[in-house]
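Survey of secondary and tertiary structure
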Amino acid sequence: MTAQSKIKVDFATGNLSGHPLEQSVRTISDMKGYYLDERARQSLHPKQVVYRVQIADAARQGEEGGLLLGTTFIEPGLVGDEYFMTKGHFHRHRNRGEYYITVAGTGALILMDETRRTAFETMSPGSVHYIPFNTAHRVANTGESVLAFLACWPSDAGHDYEVIASRGFSGRLRKINGVATLIEEP
Ligand code: PAN
Ligand code: ZN
């Protein structure tokens, strides 16, 4: 007996299709507090999309032993000299890792361990990134086109946005003389 998979990935764009599929959107107004230059953020249209996330079989969230698959699409753009980026999070269960696989565009995966040491890996189509447990992760689009990446993570990992929302990462990825540069926060 053969069964047809219900979800498909378009490897040109990263787009997931089929069902069940859950989609969420983060706009400029959702990103209040995440950028250094708050006036630059306010000068952009509040409904401007920063990123979208598609999650296959999101009902599995919280299920021990399962895996989730999603695609994130980050628009190109800047808030001051900071790139459009995801909010970033630790997993609520700190001992849960994750894979990111870049499909389209160019970007940077910013990683911060629990001692607040921050580093980044460059992302381009085909690049595979392992996010170890106990590590906060955020992605910035450093290119001129949409950055799309697939993610696979344990369904019971959960998302803890609190630490990043209140303290941020210890470094910000900024476009300095045209180059993505990690600037340590004072
Ligand atoms: C990803 C992220 C996605 C959006 O699926 O959730 O890229 O980023 P934020 O969750 O930080 O807004 C993932 O890391 N899941 O665990
Ligand atoms: Zn994650």
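Before any of the text, the structure's been laid out above.
Structural notes, computed from the coordinates. Worth saying up front: this structure is predicted, and the values here are computed from it rather than measured.

As a further point, take the side chain of Thr135. Tracing the backbone shows Thr135 in strand β13 (residues 135–141). Overall, Thr135 belongs to the buried group, its relative accessible area being 11%. In this structure the side chain of Thr135 is engaged in a polar contact, spanning 3.0 Å, whose partner is the backbone oxygen of Phe133. Residues in contact with Thr135, not counting those within four places in the same chain, are His89, Phe90, Leu111, Met112 and Asp113.

Our focus in this paragraph is the site of ligand 1. Neighbouring residues of ligand 1: 15 residues in total, closest Tyr51, Thr72, Gly88, Tyr100 and Tyr161. Contact between ligand 1 and Tyr100: an oxygen atom at 2.6 Å from a side-chain N or O atom of the residue. Judged by the proximity of its atoms to the pocket grid, ligand 1 belongs to the largest pocket. In the shell around ligand 1, the residues fall into 6 nonpolar, 7 polar and 2 charged.

Glancing now at the coordination of the zinc ion (ligand 2). Protein-derived ligands of the zinc ion (ligand 2) are His89 (NE2), His91 (NE2), Glu98 (OE) and His137 (NE2), with the metal-ligand distances lying across 2.1 to 2.3 Å. With a relative accessible area of 8%, His89 lands in the buried category.

Here the focus is the side chain of Thr27. With respect to the helices, strands and loops of the structure, Thr27 is situated in strand β3 (residues 21–27). Not counting chain neighbours up to four residues away, the residues in contact with Thr27 comprise Pro46, Lys47, Gln48, Val49 and Val50.

Let's shift gears to the layout of surface pockets. Each pocket or cavity is described by its volume, and for the largest pocket that value is around 380 Å³. At the level of elements, β3, β4 (49–56), β5 (67–74), β9 (98–104) and β14 (147–154) are the ones that each hand at least two residues to the lining of the largest pocket. Classifying every residue of the lining of the largest pocket by side-chain character gives 8 nonpolar, 9 polar and 4 charged. Estimates place the volume of the second largest pocket at around 160 Å³. For the second largest pocket, the lining is made up of 13 residues, of which Ile164, Arg167, Gly168, Phe169 and Arg172 are closest to its centre. Ranked by the residues each element gives to the lining of the second largest pocket, the list is headed by helix α2 (residues 162–167), at 3 residues. Each residue belonging to the lining of the second largest pocket can be placed in one class, and the counts come to 4 nonpolar, 3 polar and 6 charged.

Each value, and the rule that gives it
- Residues numbered from 1 in each chain as written.
- Chains lettered and ligands numbered in written order.
- Predicted model: local features only at pLDDT ≥ 70, side-chain atom pairs only at ≥ 80, totals over all residues.
- Heavy atoms only, no water.
- Helix = DSSP H or I, 4+ residues; strand = E, 2+ residues; numbered from the N terminus.
- Buried < 20%, exposed > 50% of the residue type's maximum accessible area, 1.4 Å probe, protein only.
- Polar contact = N/O pair within 3.5 Å; in protein donor to acceptor, adjacent residues only side chain to side chain.
- Contact = heavy atoms within 4.5 Å.
- Near = heavy atom within 4 Å.
- 1 Å grid on protein atoms, 1.4 Å probe; cavity = no way out; pocket = protein on both sides within 12 Å on 5 of 7 lines; lining within 4 Å.
- Sits in = over half its atoms within 2 Å of the grid points.
- Nonpolar A, V, L, I, M, F, W, Y, C, P; charged D, E, K, R; others polar.
- Donors = N, O, S within 2.8 Å, 3.2 Å for Na, K, Ca; no water.
- Points joined across faces, edges and corners; volume = space filled by probe spheres on them.

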